[in-house]
Amino acid sequence: MSTQNQAIDTPQPQILPSFVKGAWWRPEDPQRVADVCNATTGELVARVSTDGIDTAGAVEYARTVGQASLGQLRIHDRALILKQLAQYLGEHKEELYEISYATGATAKDHLIDIDGGIGTLFTFSSKGRRELPNANVIVDGAVEQLSRDGSFLGEHIYTRLPGVAVQINAFNFPVWGMLEKFAPAFIAGVPTIVKPATPTGYVTEACVRLMLDSGLLPEGSLQLISGSARDLLDHLDARDHVAFTGSAATARSLRAHSHVQEKGVRFTAETDSLNAAIMAPDVTEDSPEFEAFVKSVVLEITAKAGQKCTAVRRVIVPQEIKPAVVAALKERVAQRGVVGDPRDPATTVGPLASEDQASEVLRSVRTLIDAGATVELGGPEELSSVPQDGAFFPVTLLSFDDARTPAVHEVEAFGPVTSVLGYSGDVADAVEIAALGGGSLVATVCTHSPELAAQFASGIGAHHGRVLFLDRDDAKTSTGHGSPVPHLVHGGPGRAGGGEELGGVRAVKHYMQRTAVQGSPDLLTGITGQWHWGATANTVTREDVENGTGEHPFRKSLETLRIGDQFVSDLRTVKLDDILEFADKTGDTFYAHTDEEAATANPFFPRRVAHGYLLVSWAAGLFVEPAPGPVLANYGLENLRFITPVTYDDAIRVTLTAKKITPRVTDEYGEVAWDARLTNQKDEIVATYDVLTLVAKQWPVREA
Ligand code: NAP
C-alpha cells in the first residue's frame, strides 16, 4: 500500500469500515493505520485499520446466523438472489467505476473487474438453476448396486460445509475477485467473510455496501474485513474453508498455518503464475495466426497495466521467427500502449495500483535484466517517459538469448512486462520451456494445425489449468487468454496454487463435502430426494386408471405429484410384421431387423430383433395419458441403454416412476425426470432411461 505523508491540516478520510456481526464497524482509537493513495495523483483516498476488530465474533456469527439464514433457502432460491444482486449492481455500476479510477483502472479495465464480476454472478445464477437440483443435497454420479438383489446401494452426495468461507483476495480485482468466490459459496449455502487486499479494499467496500443496500442478502451471509486480518486463520477449524488469492509467498505462509496443518481448515490458493503464450512452428510471419498472437500478447500486458494473474509473462516462439515477433510487438505497443491518466479515453495503460507496486515491478525488471535480459522496449531507462506523479510504469518488453534462464521462469514482474524466449522449433522443446514455470494458470498456444494442438495439449496440459488454442477461426470470437470465464476452471497446478475457484458448478462443490452414502433404496431416496429403483412406489396400472381406482401420475401437477408415483403398463407383444413395418417406414433396414440369417449370425441377437427406437416409441404409447393435462412437454431422454434384445413374439411393458422433481423458482412449471424401465415377458430388463418432462405447478393452470 502507499503511505505517502499528508499535510498535517488536510482533512483525513474516515477509517474504511468493516461489516461484521450484522453491522458496520470502525475502530474507536486505531493505533495502526494504513494510508491508501490514489494511484494517479498520490492523494489520500482511504485510511485502513482493523485495530480491535472481533474476528472470532465474525466467524461465530457466520457459523450461526449466516448458516441458519442460508439454510432456510434452497440452491435455486439462492441462485435467483444472485441474479437479482447482479441486476442491482448493474444499475449502480457507474458508482463503482467512479471509485475504481483511483486504483489506476481505465474504463476498459472496469469492464474486466466490475462488469466481469457482475457477469460472473449472472452466470452462476443461471448455471445453479439449470445444472443443480432445487434442493440442498447434490447427487454426484450414478448409483452403485452393492448387493445382488438391489437392497443395498451406494452413491455420492454433496452437502454444504457447516462453517464459514473466508475469502482473502488480491489487490488487482477488488470486485471480480470477491464476486467470483462469493457466488459459488452463496449457492452452496455457506456464509462468506471477505477480506480484500488493503491497497484497493475501498472499492470492495463500496461493492459490499451496494450488495447490502440491495436488501437481498440473507442475514450473516456476507461480512467484510477492511484491512489486515492476520489472526483470521486462528479462529478457523475443520468446518471452514479459506480461498486465498495472492502471491505464492503469502499462500505458502498461510498453508503452513497450524490450523490448516493440524485443525483441518480447507485451504485453496490461486497464486501468481508465469503464464506463457506459445507460437507453434506452423505459424509464419504472413499467417493470420501471427497477427492474432501479437495482438493477444500486447492486450495481455497492457490491460489492467499488466496486473493480472493471467497476464502473459513469457512469449515462447520459434528461434528463427523471434526477431520478427519482437519487432511486431514493439510496433503494436507503439500504436496501442498509451500510458496515462486512466480517466483519459486515449489511455490504454493506467498506473499500477500503488507506488509500492511500481517499485516492486521495477525491482523485478532489474532482477530480470541482471539475469541476462535485453531490454527491447521500456524498462528502467524509460521511467522518465511516463507521468511522474502516480504509480506509472512503461510497457516493457524483454528478450532472453537463453530461454532456460531460471529468473524468467521464477520472477513475476506484476505490471506491463513480458519476456520473449526462443525455442528450437520442436514442440517438445517449447513444452519443456513452458513447464519451467512450475505450473501456470493459463497458456495460449497459437496454431492452425490440429495435430500440433494435440501435441501441445498433451505436452503442457498437466502444467496448466487452462489452455487457449488461438487461430484464425477463433481469434475474433475468443474471450481471450487473460479472461477466466465462470463456465470453465480457473486455477492451475504447482506454483499457480492448485485451486479451482471457478468452473461452473465445480466451484460450488468447493464449498461442500462429498460423502459416499450406503443404504437401502428407501433410505437413499429419503436422503437424496430422488427415487431409487427398489424403493417404495405408489403404483397404478392402466386397469386402475380405467376403473377410476388409481390416478395416472401424468394427471398430477407438482402440487400433488410425489417421487415414487409409478405407472405400470400392460404387456404388448412384438410381431415380426411390426419390425418389418418399422424398418420400412423409417428406412432403418439394418440387417439385424430385416435379414434373419445375418441377424442369427450376429453374436448379440437370437434372430431378427426389434429396433431399440421402436421399443422406446412403443413405451411412450404404453405409458401415455393422452388428454391435455399438467404434463406440458417431453424435452428429452437421458441415459438410454438397450440391455436385452427383443425378438418377435416377445412382449414388453414399461414401468415409469417419478424420480426427480425440480420446481423452477421463476416459472409456473418444473422439471420432472421419470425413471423408465422396459421389461420383457420374463421380467428381464430390456432398456432403462430417464424421460424428461415439464410439468405444471398447478392444474388447471391458474390465471395470473
Ligand atoms: P499478497 O500480498 O499475497 O496479498 C494477498 C492477500 O493476502 C491480501 O488480501 C493480503 O492482505 C492478504 N494477506 C497477506 N498476508 C496475510 C496473512 N498473514 N493473513 C491473512 N491475510 C494475509 O498479494 P497481492 O499483492 O494482493 O496480489 C498480487 C499477487 O496476486 C500477484 O502475485 C498475482 O499474480 C496474484 N494473483 C493471483 C490470482 C489468481 O487467480 N491466481 C488473481 C489475482 C492476483 P493485505 O493487503 O491486507 O496485506
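As recorded in an unreviewed UniProt entry, the protein goes by Putative phenylacetic acid degradation protein PaaZ and comes from Kocuria rhizophila.

> Hey, could you run me through the overall build of the protein in this one?
Of the regular secondary structure elements, the protein holds 20 helices and 26 strands. Evaluated residue by residue, the protein yields a buried proportion of 56% over its 704 residues. Summed over its atoms, the accessible surface of the protein is roughly 29,400 Å², and 50% of this surface lies on carbon and sulfur atoms.

> Got a minute to help me understand the packing of helix α2 (residues 75-91) against helix α4 (residues 107-131) in this structure?
Think of two packed helices as two axes; the pair is described by the angle between the axes and how far apart they sit. Look at α2 against α4: their axes get within 8 Å of each other, and the N-to-C directions meet at 155°. One element, α2, and the other, α4, form an angle in the roughly antiparallel class. Crossing geometry of α2 relative to α4 is assigned as left-handed. Packed against α2, whose contacting residues are I75, H76, A79, L80, L82, K83, L85, A86, Q87, L89 and G90, the element α4 presents I118, L121, F122, F124, S125, G128 and R129 at the interface. When grouped by side-chain class, the residues that make up the contact of α2 with α4 number 11 nonpolar, 5 polar and 2 charged.

> Can you help me understand helix α7 (residues 248-255) in this one?
Owing to its 3.6 residues per turn, the α-helix brings residues three or four apart onto one side. Listed in full, the buried residues belonging to α7 are A248, A251 and L254. Axial view of α7: buried residues confined to an arc of 125°, hence all on one face.

> Would you take a moment to explain the domain arrangement of the protein for this structure?
It is common to give the size of an interface as the accessible area that goes away when the parts come together. Partitioning the protein into domains gives domain 1 (18-138 + 158-270), domain 2 (276-485) and domain 3 (537-696). Look at where the C-alpha atoms of domain 1 and domain 3 centre, and you get two points 49 Å apart. Taken together, the 5 residues of domain 1 in the interface contact 4 residues of domain 3. A combined buried area of about 460 Å² lies between domain 1 and domain 3, and 65% of that area is made up of carbon and sulfur atoms. Sorting the residues of domain 1 by area buried against domain 3 places H76, L80 and N134 first, and these three jointly supply 60% of that buried surface. Where domain 1 packs against domain 3, one counts 0 salt bridges. The interface formed by domain 1 and domain 3 contains 1 residue pair in polar contact (both at pLDDT 80 or more). If one sorts the elements of the side of domain 1 that touches domain 3 by residue count, α2 sits on top with 3 residues. Split by residue class, the side of domain 1 that touches domain 3 holds 1 nonpolar, 2 polar and 2 charged.

> Quick question: what am I supposed to make of the sheet that holds strand β19 (residues 512-519) here?
Hydrogen bonds along the backbone pair up the strands of a sheet, which may run parallel or antiparallel. Here 3 strands make up an open sheet; going across it, the order is β5-β6-β19 and the pairing antiparallel. Looking at the sheet topology across the chains shown, the edges are occupied by β5 (138-145) and β19. Looking at each pair of strands side by side, their axes are set apart by 20° on average, direction ignored. Across 8 bridges, the pairing between strand β6 (residues 153-160) and β19 is antiparallel.

> Explain the UniProt feature "domain: Aldehyde dehydrogenase" (unreviewed entry) in the protein to me, please; I cannot follow it from the model alone.
Residues annotated in UniProt with the feature "domain: Aldehyde dehydrogenase" (unreviewed entry) correspond here to residues 25-515. Along residues 25-515, the helical share is 36% and the strand share 19%, with 39 Å between the first and last C-alpha atoms.

> Explanation requested: unusual backbone geometry in the structure shown.
For residues besides glycine, phi is generally negative; the peptide bonds are generally trans as well. Residues W699 and P700 are joined by a peptide bond in cis, for which omega reads -5°. Examined against the element boundaries, P700 turns out to sit in the segment after β26 (685-696). Of note, the phi angle at K21 is positive, near 50°, even though the residue is not glycine. The residue K21 is located in the loop between β1 (18-20) and β2 (23-25) in this model.

> Quick question: what am I supposed to make of a nonpolar patch on the surface here?
Judged by side-chain polarity, L632, W699 and V701 come together as a nonpolar surface patch covering roughly 280 Å² of accessible area. The residue V701 is located in the segment after β26 in this model. Judged by its relative accessible area of 47%, V701 falls in the partly exposed class.

> Would you mind going over the UniProt feature "domain: MaoC-like" (unreviewed entry) in the protein with me for this structure?
Those places that UniProt annotates as "domain: MaoC-like" (unreviewed entry) correspond, in this numbering, to residues 570-661. Taken as a whole, residues 570-661 contains 36% helix and 27% strand, while its terminal C-alpha atoms sit 26 Å from one another.

> How do you make sense of the pairing of β6 when you look at a structure like this?
Strand residues, when the strand is regular, have side chains that alternate between the two faces of the sheet. Here 5 bridges tie β5 to β6, and the two strands are oriented antiparallel to one another. If you follow V139 over to β6, its bridge partner there is I157.

> Looking at this structure, I do not really get the nonpolar core. What am I missing?
Generally speaking, soluble globular proteins have nonpolar side chains that are buried together. With 59 residues, the main nonpolar core has I278, F290, F293, I316, V325 and F456 as its most contacted residues. Excluding anything up to four places from it in sequence, F456 contacts I278, A280, P281, Y423, V427, A430, V431, V445, G461 and F469. Counting 57 residues, the second-largest nonpolar core is a separate cluster that includes A46, W176, A188 and Y511.

> For this particular structure, what's the right way to read the layout of surface pockets?
Using a probe with the size of a water molecule, rolled over the atoms, empty space left in the structure can be pinpointed. Considered as a void within the structure, the largest pocket measures approximately 1,500 Å³ in volume. Lining the largest pocket are 46 residues, with Q530, N639, K659, K660 and D690 positioned closest to its centre. Secondary-structure elements contributing two or more residues to the lining of the largest pocket are α4, β5, β6, α14 (505-509), β23 (631-642), β24 (651-663), β25 (669-680) and β26. Among the elements that take part in the lining of the largest pocket, β5 stands out by supplying 7 residues, more than any other. For the lining of the largest pocket, the per-class residue count stands at 17 nonpolar, 12 polar and 17 charged. Counting contributing residues, the lining of the largest pocket receives three or more from each of domain 1 (18-138 + 158-270) and domain 3 (537-696).

Scoring rules and cut-offs
Residues numbered from 1 in each chain as written. Predicted model: local features only at pLDDT ≥ 70, side-chain atom pairs only at ≥ 80, totals over all residues. Heavy atoms only, no water. Helix = DSSP H or I, 4+ residues; strand = E, 2+ residues; numbered from the N terminus. Buried < 20%, exposed > 50% of the residue type's maximum accessible area, 1.4 Å probe, protein only. Areas by Shrake-Rupley, 256 points an atom, 1.4 Å probe, with all protein chains shown as cover. Axes fitted to C-alpha atoms, helices over the stretch in contact; angles between N-to-C directions. Parallel < 35°, antiparallel > 145°, perpendicular 65-115°, else oblique. Left-handed = near helix turned anticlockwise from the far one by under 90°. Contact = heavy atoms within 4.5 Å. Nonpolar A, V, L, I, M, F, W, Y, C, P; charged D, E, K, R; others polar. Arc of directions from axis to C-beta. Domains from an automatic or database assignment. Buried area = accessible area lost by both parts, 1.4 Å probe. Salt bridge = Lys/Arg side-chain N within 4 Å of Asp/Glu carboxyl O. Polar contact = N/O pair within 3.5 Å; in protein donor to acceptor, adjacent residues only side chain to side chain. Pairing = 2+ DSSP bridges. UniProt positions renumbered as here; feature names shortened; annotations may be inferred. Patch = residues over 30% accessible without salt bridge, like charges linked within 9 Å, V, L, I, M, F, W, Y side chains within 5 Å. Core = buried A, V, L, I, M, F, W, Y, C linked by side-chain atoms within 4.5 Å. 1 Å grid on protein atoms, 1.4 Å probe; cavity = no way out; pocket = protein on both sides within 12 Å on 5 of 7 lines; lining within 4 Å. Points joined across faces, edges and corners; volume = space filled by probe spheres on them.

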